[in-house]
Amino acid sequence: MTSLRQGTEKEKFEERYSRQILFRGIGAEGQLRLAAGRVAIVGCGATGSAVASLLARAGVGTLRIIDRDYVEASNLQRQSLFDERDAAESLPKAVAAARKIAAFNSEIVAEARVDDVTPATVNALLDEMDVILDGTDNFETRYLVNDYAVKNTIPWIYAAAVGSYGVSLNVLPNRTACLSCIFPDAPGGMVETCETSGILNSAVNMVASIAATEALKMLVGGEAIERLRKTLWSFDVWKNEQAEIAAGYPRAGCRTCGERDFVHLAGEGRPHITMCGRNSVQIHERARPIDFAEMQRRLETHGMVRHNEFVLKFWREPYEMTLFPDGRAIIKGTTDTGIARSLYAQYVGS
Ligand SMILES: [Zn+2]
């Protein structure tokens, strides 16, 4: 179908974003800054999906979507960029997200990176970004992102949701508190997760809306910077409770932004990760390019196996292994890294 009216590129741009350009905080100039903006979204689950969708529709020029996981049916309740077909195909979330974005805004760039953010990959994955958004579900990755952002003076936004509760913090390195200023160590003991406490999709969308808006202010710059929230903000949509903790200044003696001791960036690679309560273990010991067709032939005698361009799935009761082209694997059906490692060694190689 051809467009009824052919306008110039400039006219089309101004028409598409007209309601946002009318908004005083952004205006025509702000919209151009958004178009030039580059945002990394680390983790594309529930919060990452919602943030990516909002920023893509708002016209942020480049979105780099980084995720190590694939879409499953249990994601669909809250992960708004995915549909049943993505789950049936076990599409990597980054790929499914970039495709979905291209369908509603083909004028921006949505880069898919199917990878895990680790000390070994963080520099390549977060290179040349103006703002980094947190869509992860774990503190290990958040501290790593915080180290990277503080070291390279890149603003980032912490965002998390669990149960009916959402929390967010803007980090402007060396100007406001960083994640380590507020939480010197990861919360210990019983940490609530989506698996133990469930999650309301509305809590996700609330915190994603807050984080996306703060990202727009960072990209628009100028007066909008003065509008950035300088607190650790939290809200419970079920109990209607909210709290704010001052975060306007770095904490004296902070290991990360004060002493510039980037322990998480210097950390050893993480060969095994037990994923968010999902009864699965990730194996990522070294890059091992996998030829899916050959691997399929090899595994066929041991269990059910199928693959597409992005993942190979292998079922060997009671385990399910998902292999990625770089040799990374997610093994479902155990939280025992020993079992996962031996399965990997047996079927993929040691
Ligand atoms: Zn700090």
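Attention in this report is confined to the structure presented alongside it.

Calculation notes
Residues numbered from 1 in each chain as written. Predicted model: local features only at pLDDT ≥ 70, side-chain atom pairs only at ≥ 80, totals over all residues. Heavy atoms only, no water. Donors = N, O, S within 2.8 Å, 3.2 Å for Na, K, Ca; no water. Tetrahedral: all angles 85-135°; square planar, octahedral: opposite > 155°, others 65-115°. Helix = DSSP H or I, 4+ residues; strand = E, 2+ residues; numbered from the N terminus. Buried < 20%, exposed > 50% of the residue type's maximum accessible area, 1.4 Å probe, protein only. Lys, Arg positive; Asp, Glu negative; His and termini not counted. Salt bridge = Lys/Arg side-chain N within 4 Å of Asp/Glu carboxyl O. Polar contact = N/O pair within 3.5 Å; in protein donor to acceptor, adjacent residues only side chain to side chain. Contact = heavy atoms within 4.5 Å. Core = buried A, V, L, I, M, F, W, Y, C linked by side-chain atoms within 4.5 Å. Phe/Tyr/Trp six-rings, centres within 6.5 Å; stacked < 30°, edge-to-face > 60°. Lys NZ or Arg CZ within 6 Å of the ring centre and 35° of its normal.

### As for the coordination of the zinc ion
Okay, step 1: Only Cys 178 (SG), Cys 181 (SG), Cys 254 (SG) and Cys 257 (SG) from the protein reach the zinc ion as donors, at distances of 2.2 to 2.3 Å.
Okay, step 2: Between the 4 donor atoms coordinating the zinc ion, the angles at the centre fall across 97 to 118 degrees, so the site counts as tetrahedral.
Okay, step 3: All donors to the zinc ion come from one chain, and their sequence spacing reads C-x2-C-x72-C-x2-C. Remark: Cys 254 occurs in the loop between strand 8 (241–246) and strand 9 (272–274) and Cys 181 occurs in helix 9 (residues 179–182); sequence separation between them is 73 residues.
Okay, step 4: Residue Cys 254 is classed as buried on the basis of its relative accessible area of 0%.

### Overview of the side chain of Asp 236
Okay, step 1: In this fold, Asp 236 is placed in strand 7 (residues 231–236).
Okay, step 2: For the buried Asp 236, which has no salt bridge, the nearest side chain bearing the opposite charge is Lys 239, at an N-O separation of 4.2 Å.
Okay, step 3: Within the local environment of Asp 236, its side chain forms a polar contact with the side chain of Ser 164, the two groups lying 2.8 Å apart.
Okay, step 4: Ignoring anything within four residues of it in the chain, the contact list for Asp 236 reads Ser 164, Tyr 165 and Glu 241.

### Section: the nonpolar core
Okay, step 1: In terms of nonpolar packing, the biggest core is built from 55 residues, with Val 39, Leu 55, Leu 63, Leu 81, Ile 101 and Leu 133 touching the most fellow members.
Okay, step 2: Where this core is concerned, the elements lending two or more residues are strand 1 (38–42), helix 4 (46–58), strand 2 (62–67), helix 6 (93–104), strand 4 (131–134), strand 5 (156–162), helix 11 (201–220) and helix 12 (223–226).
Okay, step 3: No other element matches the 11 residues that helix 11 contributes to this core.
Okay, step 4: Those residues in contact with Leu 55 that lie beyond four places of it in its chain are Val 39, Val 60, Leu 63, Leu 133, Ala 212, Ala 215 and Leu 216.

### Observations regarding the pattern of salt bridges
Okay, step 1: In the structure shown here, the tally under the stated rule is 15 salt bridges.
Okay, step 2: The residue Asp 83 makes a salt bridge to Lys 100 at a minimum N-O spacing of 3.2 Å. Here Asp 83, found in the loop between strand 2 and helix 5 (84–88), pairs with Lys 100, found in helix 6; they are 17 residues apart in sequence, far enough to count as distant.
Okay, step 3: Between Glu 111 and Arg 113 there is a salt bridge, with the nearest N and O atoms lying 3.2 Å from each other.

### Observations regarding unusual backbone geometry
Both trends apply: most residues other than glycine have a negative phi, and most peptide bonds are in trans.
Okay, step 1: Of note, the bond from Glu 317 into Pro 318 is cis; its omega dihedral lies within 30 degrees of zero at 0 degrees.
Okay, step 2: Phi angles above zero are rare outside glycine, and Ser 90 is one such case at about 50 degrees.
Okay, step 3: Within the secondary structure, Ser 90 is located in the loop between helix 5 and helix 6.
Okay, step 4: Taking the relative accessible area as the measure of exposure, Ser 90 reaches 3% and is therefore buried.
Okay, step 5: Although it is not a glycine, Asn 174 sits at a positive phi angle of roughly 70 degrees.
Okay, step 6: Position of Asn 174 among the secondary structure elements: in the loop between strand 6 (165–171) and helix 9.

### Points about the environment of Arg 251
Okay, step 1: Here Arg 251 is to be found in the loop between strand 8 and strand 9.
Okay, step 2: For Arg 251 and Thr 176, which are 75 residues apart along the polypeptide, the C-alpha to C-alpha distance reads 8.7 Å.
Okay, step 3: Residues within four places of Arg 251 in sequence aside, it is in contact with Ser 180, Cys 181 and Pro 184.

### A closer look at the packing of aromatic side chains
Okay, step 1: This model, assessed by the stated rule, comprises 7 aromatic pairs.
Okay, step 2: Relative to Tyr 17, the ring of Phe 13 lies with its centre 5.1 Å away and its plane at 65 degrees, an arrangement referred to as edge-to-face.
Okay, step 3: Overall, Tyr 17 belongs to the buried group, its relative accessible area being 4%.
Okay, step 4: Note on Phe 139 and Tyr 143: the rings are 5.8 Å apart at their centroids and 45 degrees apart in plane angle, and the pair reads as tilted. Here the residue Phe 139 and the residue Tyr 143 both occupy positions in helix 8 (residues 139–152), the gap between them amounting to 4 residues, near one helical turn.
Okay, step 5: Put simply, the rings of Phe 139, Tyr 143, Tyr 158 and Phe 183 touch in pairs and so form one group of aromatic residues.
Okay, step 6: Directly above the aromatic system of Phe 139 lies the positively charged group of Arg 142, at a separation of 5.3 Å from the ring centroid.
Okay, step 7: In this structure, Arg 328 packs its charged tip against the face of Phe 324, placed 4.1 Å from the ring centre.

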